[in-house]
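Chains, contacts and geometry: an overview
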Amino acid sequence: MKVVLKIISAILLFLQISVSGQKITFDSLMKEARLEIYDNPDNAIRIGKNLLTKEQDIHKQISIYQLLSTANIAKRDFDQSLLYLLKAKETAQKTNDLKVRTSVLISAAIQYQQMELFSKSLETLNETDLLLAKLPDDLPEKHIETARSYAIRGMIYKSQSNPEIALEKFLISIQNFEKIKNTQTTYSNMSVVYYNIAYCYLNLGQSEKAHQAFIRSANYARENKAKSLEAFALKGMAEMYKQKKENETALQLLIKAEDLSKNTGDLILNEGIYKEMSENYLALGKPNLYQNYSKKYFEMRFQREQNELSSINHSINDHNLETLKRSSQIKTHYHYLTGIITGIGILIIAFFIHLILKIRKQNLEYRKKIQRLIRS
C-alpha cells in the first residue's frame, strides 16, 4: 500500500512540475516575443504563431493575438495586424474580465489610429472609458490603459494639427505611466510618447524642449533595448539639425538610425530615414547618394500605401459585417415584437368574441324568460 502511495505521489509531483514548466515556458516565450516586437518582429510573429497552435486558454489566446497584431503593426503590415486584432476582439467577447476587454479595445483604438481612421479610434476609446471607470483606482492595469488611451488621443490631435491639445493629452499619459512600476513595456511606451511630445514642441516653436524630449525618448528606448524606437528618436533629432543646416550632424544620426532599424521591417521608420537622408545628401551636393536614397524612400512609401489600402479594405468589410449583424439583430427584435403584439392582439380579439358570445347567450336566455312570463 505504501509503495502505491509513493507511486501516486511521484506521479502527482511530476504532473505539477510538468504544468509549472509549461507555464514558465509560455511566460518566458511571450516575454521573449514582446522584447522582439520592435527590433525583430518576424521572430515575435514566429513565436506567437507557435504558441497559438498549442494554447487552449482564451486569455492566453487573446494575449497571443494582441502580440501578433502589435508585431505586424511594427512591420506596418496593417492588413495582418487587423486580422489578428479582430480575432482578439471576437475571443474577448467570451470573457467577463474587464481588464482583458479593456486591453483589447485599446489595441483596437491604436490600430484604427495607425490606419488614420480617427473617428473609429475615438469611438473605441469612448467605449473603453466606460470599462476603465469600473476598474479599481489602485489597479496597475487601470493606469496602463488610461496612459495608452491618452497617448492615442494625443496622436490623433497631433495628426489633426492641434499640438496644444495633443501635448496636454501626452503629458497626462506620461503621468499615468509614471504611476506604474517601471517595466520594459512601460519604457517602450514612454519612448513613443516622448517622441510625439517632441514633435508637438517643434510645431509650437519650442526647439529646446523638443530636443530634450527626443533625448528622453532615445534614453527610454535604450532602457528596453528597443532599437527601432531609438532610431525614431535619432531621426527626429536629425530633422532638427537639418532645419538648422547642420546636415553632416544630421546624417551621422541618420546613419546610426539606419543601422538600428535593419531588422525591424518598419516601413514608416525606413521611409522617414530614407527621406531625411536623401534631403541631407541633396543639401550637401551629393547627387548619387541623393538618388539612391530617394529611390529607397519611394519604394518604402509605395509598399506602405499598398499595405494601408489593403487594411482599409478589410476594415470596411469588418464595418459592413458589423452593420449587417446589427441589422439582423434589429430585424430579429422587430419580428419578436411583432409576434408578441400579434399574439396579444389575437388574445384580445378572442376575449372580446368570447365576451360578445356570452352576452348574446345571456340575452337569448333573458328573452326566453320574458316570453315565458308573458305567456303565463
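Our structure is the block above this text.
Description of the structure in this document. (Residues numbered from 1 in each chain as written. Predicted model: local features only at pLDDT ≥ 70, side-chain atom pairs only at ≥ 80, totals over all residues. Heavy atoms only, no water.)

Describing the nonpolar core
Proteins that are soluble and globular tend to have nonpolar side chains buried together. Operational definition: Buried residues of nine kinds, namely Ala, Val, Leu, Ile, Met, Phe, Trp, Tyr and Cys, make up a nonpolar core once their side-chain atoms join them within 4.5 Å. To sort residues, take the accessible area from a 1.4 Å probe on protein chains only and compare it with the maximum for the residue type: under 20% means buried, over 50% means exposed, and anything in between is partly exposed. Each helix is a run of DSSP H or I of at least 4 residues and each strand a run of E of at least 2, with the numbering of both proceeding from the N terminus. What makes two residues a contact is simply this: any of their non-hydrogen atoms within 4.5 Å.
Formed by 48 residues in total, the largest nonpolar core has its most connected members in Phe170, Val193, Tyr194, Ile197, Phe214 and Met277. Where this core is concerned, the elements lending two or more residues are α7 (140–159), α8 (163–177), α9 (184–203), α10 (207–223), α11 (227–243), α12 (247–260), α13 (267–283) and α14 (287–375). A per-element tally of this core places α9 first, with 11 residues. Once residues lying within four places of it in the same chain are set aside, the contact partners of isoleucine 197 are Leu167, Phe170, Leu171, Ile174 and Ala213. With 20 residues, the next largest nonpolar core counts Ile37, Ile47, Leu67 and Ala74 among its residues.

Side note on the packing of α7 against α8
Going by this rule: Here an angle of 0 to 180 degrees is reported between the N-to-C directions of two axes, which are lines fitted to C-alpha atoms, with helices fitted over the stretch in contact. Note that the term roughly parallel is reserved for angles under 35 degrees, roughly antiparallel for angles over 145, roughly perpendicular for angles of 65 to 115, and oblique for everything else. Should the near helix be turned anticlockwise from the far one by less than a right angle, the crossing is left-handed, and should it be turned clockwise, the crossing is right-handed. Polar here means any residue outside two lists: the nonpolar Ala, Val, Leu, Ile, Met, Phe, Trp, Tyr, Cys and Pro, and the charged Asp, Glu, Lys and Arg; Gly therefore counts as polar.
The geometry of α7 relative to α8 is characterised by a closest axis approach of 8 Å and an angle of 165° between their N-to-C directions. With respect to their mutual orientation, α7 and α8 come out roughly antiparallel. When you trace α7 past α8, the crossing you get is left-handed. Facing α7, whose interface residues are His143, Ile144, Thr146, Ala147, Arg148, Tyr150, Ala151, Arg153, Gly154, Met155, Tyr157 and Lys158, α8 presents Ile165, Ala166, Lys169, Phe170, Ile172, Ser173, Asn176 and Phe177. Each residue belonging to the contact of α7 with α8 can be placed in one class, and the counts come to 11 nonpolar, five polar and four charged.

A closer look at the side chain of asparagine 247
Among the structural elements, asparagine 247 can be located in helix α12. In contact with asparagine 247, other than residues within four places in its own chain, are Lys242, Asn280, Ala283 and Leu284.

Notes on the environment of aspartate 39
With respect to the secondary-structure elements, aspartate 39 resides in the loop between α1 (2–36) and α2 (41–54). In this structure, the C-alpha to C-alpha distance between aspartate 39 and threonine 264, residues 225 residues apart in sequence, is 4.7 Å. For aspartate 39, the residues in contact, after removing those within four places along its chain, are Lys225, Ala226, Lys227, Ser228, Asn263 and Thr264.

A short note on the pattern of salt bridges
Applied cut-off: Put simply, a salt bridge is a Lys or Arg side-chain nitrogen that is within 4 Å of an Asp or Glu carboxyl oxygen.
One pass over the full model with this rule turns up 10 salt bridges. Residue glutamate 279 is joined to lysine 242 by a salt bridge in which the shortest nitrogen-to-oxygen separation is 2.6 Å. Taken together, the residues span a long stretch of sequence, with glutamate 279 in helix α13 and lysine 242 in helix α11 at a distance of 37 residues. Among the residues examined, glutamate 279 registers a relative accessible area of 30% and is labelled partly exposed.

Structural measurements only, silent on function.
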